[in-house]
Amino acid sequence: MSTLYPWQGSDWARLQHSRASQGLLLHGQRGTGKLALAVCFAKSLLCEHPDSEGHACGKCSACGWFEQGSHPDYRLVQPESETEENESGKKASRQISVDQIRALSDFLGMTAHQGGRRVVIIYPSEAMNVNAANALLKSLEEPPEGLLFMLVTHKRHALLPTIVSRCISFALATPDVATATRFLEKEGVERPFDALAANGFSPLDALQNAEGNETREKLLRALQQKRMDVFALAEVLQKTEQAQVVQWLQQWSHDLLSQKLAGRLRYHPGREKLIADLVAPLDALDLARLQNVLKTAKREARHTLNPKLFLESLLFTYCQLVKPCHS
Ligand SMILES: [Zn+2]
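Residues numbered from 1 in each chain as written. Predicted model: local features only at pLDDT ≥ 70, side-chain atom pairs only at ≥ 80, totals over all residues.

### A look at the sheet that holds strand β1 (residues 23-27)
No. 1: Taken in spatial order, the five strands make up an open sheet running β2-β3-β4-β1-β5, and their pairing is parallel. Each edge of the sheet is formed by a strand with only one pairing partner; in this case those strands are β2 (74-77) and β5 (168-171). Geometrically, the sheet is characterised by an average inter-axis angle of 20° between neighbouring strands, direction not taken into account.
No. 2: Bridge analysis of β2 against strand β3 (residues 118-122) gives four bridges, and the strand direction is parallel. Directly across from Arg-75, in β3, lies its bridge partner Val-120. (Pairing = 2+ DSSP bridges. Helix = DSSP H or I, 4+ residues; strand = E, 2+ residues; numbered from the N terminus. Axes fitted to C-alpha atoms, helices over the stretch in contact; angles between N-to-C directions.)

Take a look at the structure:
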């Protein structure tokens, strides 16, 4: 469940003046928790007993439904690639389609179950294609009573001007460096200021990439050992996007071959000795085969239905080509 981030206190307080709004455009820097803020606000509007600062009580039945994702007066519209409605096997779209906006019409035509507010969040709003945006325009012009449209974006300039003009623009604060650094420190990110700077001063990107770095480090450690526990490693890796894992393996295999043929590393500076020892007994042809396997895997990574199985099979192939392993 979303909660506010430490840099969002003043945005939250300002937002309370917009509780009666019908169209809000929340915009601000990427990776700063805009959607989390919007979701908190939606929950608060639907809550039966928000507190004096506007926070949802977390105890009423409306809060209960909201937390279970089943509140009848709330809709979150996102590209299909962000949701799990991706079982048909076709490529999940990164756009918000006109069909998704049209699918709202039944919802818009109803009255609130709880006799109060209703909320639609569209995130990221710039993902609406032109048809979707045009389909939304009419509803934005004449929003049903009690309904709030919240458009959330970090690319305000990419929205149709007609959409922007029908909403009240609400600029979200950029987190100040001290608050963001403290946040990262609390989350256990090493060298939090460096991490923040390396991620364009976006604290959530810094946090996400820090987790990624930790996973990559675990993968590299496993690849350097003589024996690999494929099942345990796949368990750890399945939480990361598959394409990302394959890319790490591609970088690794690139350096194995590069070390073998030219004595050079590109992606793993500082590990020269270790990788040189590792590739000494290996056949360059097997390393080239590994690169081909990974190239194919990269294409398949987006369509895997079972990430763990996908990774296990990939790691076993790796072991066959590169090293002995056990499980
Ligand atoms: Zn409540």
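There is more to say after this.
### Focus: the packing of helix α10 (residues 203-224) against helix α11 (residues 230-237)
No. 1: As a packed pair, α10 and α11 sit with axes 10 Å apart at the nearest point and diverge in direction by 165°. Taken together, α10 and α11 sit at an angle that is classed as roughly antiparallel. By crossing handedness, the relation of α10 to α11 is classed as left-handed. Note on element contacts: α11 touches α10 through Leu-233, Val-236 and Leu-237, opposite Thr-215, Lys-218, Leu-219 and Ala-222.
No. 2: Here the contact of α10 with α11 is composed, by residue class, of five nonpolar, one polar and one charged. (Parallel < 35°, antiparallel > 145°, perpendicular 65-115°, else oblique. Left-handed = near helix turned anticlockwise from the far one by under 90°. Contact = placed C-beta atoms within 7 Å. Nonpolar A, V, L, I, M, F, W, Y, C, P; charged D, E, K, R; others polar.)

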